[in-house]
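Residue-level structure breakdown
Chain by chain, the residues:
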Amino acid sequence: MSDATENTHPTTPGPEVPAVDGATVEGFSAADTSDIAALSYEQARSELVETVSRLETGGAGLEESLALWERGEALADRCEEWLNGARAKLDEVRAKTADRTV
């Protein structure tokens, strides 16, 4: 029979973890996302696919994984901006076409 306390974790608190509210966590260098705004949709999507693949295969340390995740989020946002822009242009063309047929 196993003792009930055998699988419990100690209640001693660990080191304080800084709150993450947009500020950087001590010891963590954030990913550089300054170049993402200049990427085309195809460039951002291609890099996003590579980033996701690197995260899924594992092997990166915690800091690198966090940086990859952050850059991936920024790349996904950039792709979404491009797609929203394309959608808006299509809607505009459809509206003009509909006005001409009325």
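Values in this document were obtained by computation on a predicted structure and should not be read as measured data. (Residues numbered from 1 in each chain as written. Predicted model: local features only at pLDDT ≥ 70, side-chain atom pairs only at ≥ 80, totals over all residues. Heavy atoms only, no water.)

**Overview of the overall build of the protein chain**
Helix and strand counts for the protein chain stand at 2 helices and 0 strands. Out of the 102 residues in the protein chain, the part that is buried amounts to 15%. Excluding contacts between residues fewer than 6 apart, the proportion of contacts in the protein chain whose partners are at least 24 apart in sequence is 79%. By element, 55% of the accessible surface of the protein chain is carried by carbon and sulfur atoms, the whole surface being about 8400 Å². (Helix = DSSP H or I, 4+ residues; strand = E, 2+ residues; numbered from the N terminus. Buried < 20%, exposed > 50% of the residue type's maximum accessible area, 1.4 Å probe, protein only. Contact = heavy atoms within 4.5 Å. Areas by Shrake-Rupley, 256 points an atom, 1.4 Å probe, with all protein chains shown as cover.)

**With respect to the side chain of R71**
As for its placement among the helices and strands, R71 is situated in helix α2 (residues 62–101). R71 has contacts with A31, D32, T33, D35, I36 and E47, leaving out every residue within four places of it along the chain.

**Regarding the environment of L83**
Inspection of the secondary structure puts L83 in helix α2. It is 8.1 Å that separates the C-alpha atoms of L83 and Y41, two residues lying 42 residues apart in sequence.

**Looking at the pattern of salt bridges**
Counted by the stated rule, this structure contains 6 salt bridges. A salt bridge links D35 to R71; the shortest N-O distance between them is 3.0 Å. In this pair, D35 sits in the segment before α1 (41–57) while R71 sits in helix α2, placing the two residues 36 residues apart along the sequence. Given the relative accessible area of 15%, R71 is considered buried. Here E64 makes a salt bridge to R54, at a shortest N to O gap of 2.6 Å. Taken as a pair, E64 in helix α2 and R54 in helix α1 lie far apart in primary sequence, 10 residues in all. Looking at E64, the relative accessible area reads 38%, which means it is partly exposed. With a relative accessible area of 44%, R54 lands in the partly exposed category. Through salt bridges with shared partners, a single ionic network connects D35, E47 and R71. (Salt bridge = Lys/Arg side-chain N within 4 Å of Asp/Glu carboxyl O.)

**Here's the deal with the packing of α1 against α2**
Contact geometry of α1 with α2 gives a least axis separation of 9 Å together with a crossing angle of 150 degrees. Here α1 is positioned roughly antiparallel relative to α2, judged by the angle of their axes. Here the hand of the crossing between α1 and α2 comes out left-handed. Contacts between α1 and α2 involve Y41, A44, R45, E47, L48, T51, R54 and L55 from the first element and E64, S65, L68, W69, R71, G72, L75, A76, R78, C79, W82 and L83 from the second. (Axes fitted to C-alpha atoms, helices over the stretch in contact; angles between N-to-C directions. Parallel < 35°, antiparallel > 145°, perpendicular 65-115°, else oblique. Left-handed = near helix turned anticlockwise from the far one by under 90°.)

**Notes on the side chain of T51**
Topologically, T51 is positioned in helix α1. Sequence-distant contacts of T51, defined by excluding residues within four places in its chain, comprise L68, G72 and L75.

**A short note on the nonpolar core**
Counting 7 residues, the largest nonpolar core consists of I36, L39, A44, L48, A74, L75 and C79. Residue assignment for this core shows that the elements contributing at least two residues are α1 and α2. Top contributing element to this core by residue count: α2, with 3 residues. With residues up to four places along the chain from it excluded, the contact list for C79 reads Y41, A44 and R45. (Core = buried A, V, L, I, M, F, W, Y, C linked by side-chain atoms within 4.5 Å.)

Keep in mind these values describe shape, not function.
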